[in-house]
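Residue strings, one per chain:
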Amino acid sequence: MYDVIVLGGGFSGSITGIAAARSGAKVLVVENGAFLGGSLTSNGVGPMMTFHAGDRQVVQGVTDELIERLKEQKKSPGHIFDTTGFTYTVTPFDAEAMKHELELMLIESGGKVLYHAQFVEALRVENEIKSVNVYCKGKLLTLEGKVFVDATGDANVAESVGLPLEKGREKDAKSQPMTLTMRVINVDIEKVKDYARNHPEEFPRYNDMSILDKAERLSIAGFTELFKEAKEKGEVTIPREDILFFETNNKGEVIMNTTRIIDLEPTDPWDYSEAEYIGRKQCRELEKFLKKYVPGFENSLTVSTGPTVGIRSSRQVKGVYTLTLEDLLEKKSFDDTIAHCGYPVDIHSPDGEGTESNTPKWGDMYNIPYRILVTPELDNFLVSGRAVSATFEAQSAIRTTPTVGAIGHAVGVAASVAASNNISVKSVDIKEVQQILVQQGAFLEI
């Protein structure tokens, strides 16, 4: 019997587990893979963006403590200027170091992790989940707990117990495209910058190319004419308008975030399997394109893809409240605010080329309420990560890792409070949760 069981050891689930354990709960994090961190440490997703809203760092607490620990080991340069000009800061990191550091933080906090454990089903009795079954090393294990957290990303636990769910954009239920990332080393970054400076017409996102020199690691989007030429010749089939890549903590190593897999459903087993094949096909095209067309990549070497396709959005729970685009744009205030976010609305078109964004005014931040983490139907169930109760548009702004880390921090504290007092997650004293969050270093402006 555990006080809190977190299903999913991705980034939000890891932070949830750490925060719950630090708040006094007996915690188990159940993870399908062999390490924590999810897409950041397994799929090559990076950098983290963004911890800031203008000059204010609005994501702090446990999530930022991880970055500080990595900085001490020179495994992250910390929060640096976003040289794509899209948002305020990006946070590169060394994925291997992050795997271990998340484990250390969980274990040091008193939490426990079960690896190689695939969620199978949850047992619901009226308004509570009593236990979950997981498949691990040929055995079906039954795990009992007081509070359960769905950090699966796809709301798998919610789906298992029959909770109402939303999927994709309202008009046709299509989700944002999936992407298979690719890690490339031996990139001549200065040569890339020189090309960009001399061909500003290929970088329509930029008004001033001098921003490329404002950070110690390069983030860049563009090469539109080169990309268009390769697509016209049939060398590239990626339904995207430009290429996007980010330098990691390791100089000359970049993460390509350019593939775009459309018209497939992330929660359908057959579609998800096909997406892996399409993603690898696009990565091979991209590898050849970079070496042939892009200055600075002549001697580059692709060292990894994936190893699994990344999902931006799929299912959303229907919570006590649903966060909307209007809530974000109007900076709506909530008395149960548990986190903030300054990342733009960022919708990669489900139809192919095009990325819709709505950048907030400089320094504006969104307020994220506790009520989007709980459901009307269950008393001992919380959602952490990208599957919280939000519309398609609102989810696109709060889905990135710093924000889901801040959300996970709040979920962990709330789960611990509910478990220790044997009360419903909907009955926790939100002021107590907010107070504990601040005590644990979180940024909250109520």
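Residues numbered from 1 in each chain as written. Predicted model: local features only at pLDDT ≥ 70, side-chain atom pairs only at ≥ 80, totals over all residues. Heavy atoms only, no water.

## Describing the pattern of salt bridges
Piece 1. Going through the model one piece at a time under the given rule, you end up with 37 salt bridges.
Piece 2. A salt bridge links Glu229 to Lys233; the nearest nitrogen and oxygen atoms lie 3.0 Å apart.
Piece 3. For Glu229, a relative accessible area of 30% translates into the label partly exposed.
Piece 4. We classify Lys233 as exposed; its relative accessible area is 51%.
Piece 5. When the shortest N-O distance is used, the salt bridge between Lys231 and Glu353 registers 2.7 Å. Of this pair, Lys231 sits in helix H6 (residues 224-232) while Glu353 sits in the loop between strand E19 (345-348) and strand E20 (355-358); the two residues are 122 residues apart in sequence, bridging distant segments of the chain. (Salt bridge = Lys/Arg side-chain N within 4 Å of Asp/Glu carboxyl O. Buried < 20%, exposed > 50% of the residue type's maximum accessible area, 1.4 Å probe, protein only. Helix = DSSP H or I, 4+ residues; strand = E, 2+ residues; numbered from the N terminus.)

## A word on the nonpolar core
Piece 1. Val4, Ile338, Tyr370 and Leu382 are the most contacted members of the largest nonpolar core, which has 108 residues in total.
Piece 2. Counting residues per element, this core draws most heavily on helix H10 (residues 401-421), at eleven residues.
Piece 3. Sequence-distant contacts of Leu382, that is, excluding residues within four places in its chain, are made with Val147, Phe148, Val149, Asp150, Tyr370, Leu373, Val374, Val411, Ala414, Ala415 and Val425.
Piece 4. Val187, Ala230, Phe289 and Val309 belong to the second largest nonpolar core, which has 38 residues in total. (Core = buried A, V, L, I, M, F, W, Y, C linked by side-chain atoms within 4.5 Å. Contact = heavy atoms within 4.5 Å.)

## Regarding the pairing of strand E9 (residues 128-136)
On a regular strand, each side chain points to the face opposite its neighbour's, so the side chains alternate between the two faces of the sheet.
Piece 1. Pairing analysis gives eight bridges linking strand E8 (residues 117-125) to E9, with the strands arranged antiparallel. From the neighbouring strand, Ala117 faces E9, where its bridge partner is Cys136.
Piece 2. Joining the antiparallel neighbours E8 and E9 is a turn of two residues, in which Glu126 adopts a positive phi near 55 degrees.
Piece 3. As judged from the six bridges shared by E9 and strand E10 (residues 139-150), these two strands associate in the antiparallel manner. Looking at the pairing, Val132 lines up with Leu143 of E10.
Piece 4. Taking the residues that link successive antiparallel strands as the turn, the E9-E10 hairpin has two residues, and the phi of Lys137 there is positive, at about 50 degrees. (Pairing = 2+ DSSP bridges.)

Nothing here speaks to function; it is all geometry.
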